[in-house]
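Commentary on secondary and tertiary structure
So you can see what is in the structure, the chains are spelled out below.
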Amino acid sequence: MTHHPDNAGRAAPRPFGRLLTAMVTPFTPDGSLDLDGAARLAAYLVDEQGNDALVVNGTTGESPTTTDAEKERLIRTVVEAVGDRAQVVAGVGTNDTRHTIELASAAEKAGAHGLLVVTPYYNKPPQAGLVRHFTAVADASALPVMLYDIPHRSGVPIATETLLRLADHERIVAVKDAKGDLIASSVVTGRTDLAYYSGEDALTLPALAIGGVGLVGTSTHLTGALTKQMIEAYDRGATAEALALHRRLLPLFTGIFRTQGTILVKAALAARGLPAGPVRPPLVEATSDEMAQLRTDCAEAGLELP
C-alpha cells in the first residue's frame, strides 16, 4: 500500500535519479538511424551534462516516426554506451495497449532499466481505460514504470484519484508530470510514494518545492549540468542559489519550445558539432530566424551557441 496521508518530512524516492534528458534520436543526412551518433550523444549527456538517466524513444526522440525495430536497436545502443553509469528508460507508450505491451517486452529484452508510458492519446479513453492500460503494461513487464501525464498532447489528464489508485501497483513508481497543475501534483506527492519528475523544464524548481524529485528535460541537452546544479542546490537547502539558477536558465527552459522542442534541440546540437542530423517529417528544420532567436536565448542563459 502506498498511500501516506502524512508523507511530509520523508525523503522522496528517486528511482531514476535526479536529472533525466529525453534524448533526441540522431539520424544520418539521409534520415536513417545514426547508431554511432546515438552512442556518442548518450555519452555526452551522461558524462558532460550530468544526466542520471536518459529517456530514449520519447516524443523528443521522434518516436511517432521511428519503427519498432529502430526503437529496439536504439535502446541496445544506448544501454551499451552508458548503461554501466546511467539508467536507460524506454518510451513505450502508444494509444494501443497491446502494442505498448509489445514495445515494453522488446525494451526489457534490449536491456532497458525502466519504462516511460504516456497516456493513450487521440482516442480519449475514460479514467477506467487509463487504469486498465497502465495496469496491463505494468503487469506485463518486470521493469519499473514512469507514467507520463501530458494532457495538452494526449487530450486526457490522469486524474488525481486515478494516480492515487495506480500508485498501489508495485511497479508503477514515478510520474513525468507535464500537466502544469501544481495543486493536483501536491496532493499526489503528499499521499503516495510516486516519484514526481517535472515534465516541463521551467517548472522543475516549483515541482521540487511540492515534493518532486527532479526533471525529465528537453533543454537539458544544453542546460543539463546547470540544471543538475539547481536541483542539488535546492536539495541541500541553498534555495537562493537554486532560484538564481532557475532565473538564469529560464530563457532556455522556455525558449527551446518556441517551436517543437526536437527541432531546436537538433539545431543546437548540430551547431555544437554534436550528433543530431535532420528531423523526420512531419517535423521541419529550424529556420534562420528560429536559430537567431535560439542563439539569443542561449546567450541570455550564459550558454553560447556557435
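For the structure itself, consult the block above.
This write-up is about the structure you can find in this document. (Residues numbered from 1 in each chain as written. Predicted model: local features only at pLDDT ≥ 70, side-chain atom pairs only at ≥ 80, totals over all residues. Heavy atoms only, no water.)

**A word on the overall build of the chain**
- Helix and strand content of the chain: twelve helices and eight strands.
- The C-alpha atoms of the chain give a radius of gyration of 18 Å, which matches the 19 Å a tight globule of 306 residues would have.
- By its C-alpha atoms, the chain is 50 × 45 × 35 Å across when sized along the principal axes.
- Taking all 306 residues of the chain together, the buried fraction comes to 54%.
- The contacts of the chain with a sequence gap of at least 6 include a subset with a gap of at least 24, amounting to 70%.
- Per element, the accessible surface of the chain, about 12,400 Å² overall, is 54% carbon and sulfur.
- Side-chain charges in the chain split into 27 positive and 35 negative, and the spacing between the mean points of these groups amounts to 2 Å. (Helix = DSSP H or I, 4+ residues; strand = E, 2+ residues; numbered from the N terminus. Rg over C-alpha atoms; globule rule 2.2 N^0.38 Å. Buried < 20%, exposed > 50% of the residue type's maximum accessible area, 1.4 Å probe, protein only. Contact = heavy atoms within 4.5 Å. Areas by Shrake-Rupley, 256 points an atom, 1.4 Å probe, with all protein chains shown as cover. Lys, Arg positive; Asp, Glu negative; His and termini not counted. Charge placed at Lys NZ, Arg CZ, Asp CG, Glu CD.)

**A look at the packing of helix 10 (residues 239–255) against helix 12 (residues 288–300)**
- In contact at an axis separation of 7 Å, helix 10 and helix 12 are set at 155 degrees when each is read in the N-to-C sense. In terms of axis orientation, helix 10 runs roughly antiparallel to helix 12. Contact residues: Arg-248, Pro-251, Leu-252 and Gly-255 in helix 10; Leu-294, Asp-297, Cys-298 and Glu-300 in helix 12.
- In the contact of helix 10 with helix 12, the residues fall into four nonpolar, one polar and three charged. (Axes fitted to C-alpha atoms, helices over the stretch in contact; angles between N-to-C directions. Parallel < 35°, antiparallel > 145°, perpendicular 65-115°, else oblique. Nonpolar A, V, L, I, M, F, W, Y, C, P; charged D, E, K, R; others polar.)

**Some thoughts on the nonpolar core**
- If you look at the biggest cluster of nonpolar residues, it comprises 72 residues, and the most contacted ones within it are Met-23, Val-78 and Leu-294.
- No other element matches the six residues that helix 1 (residues 35–47) contributes to this core.
- Ala-22, Val-89, Leu-116 and Ile-150 belong to the second-largest nonpolar core, a separate cluster that totals 18 residues. (Core = buried A, V, L, I, M, F, W, Y, C linked by side-chain atoms within 4.5 Å.)

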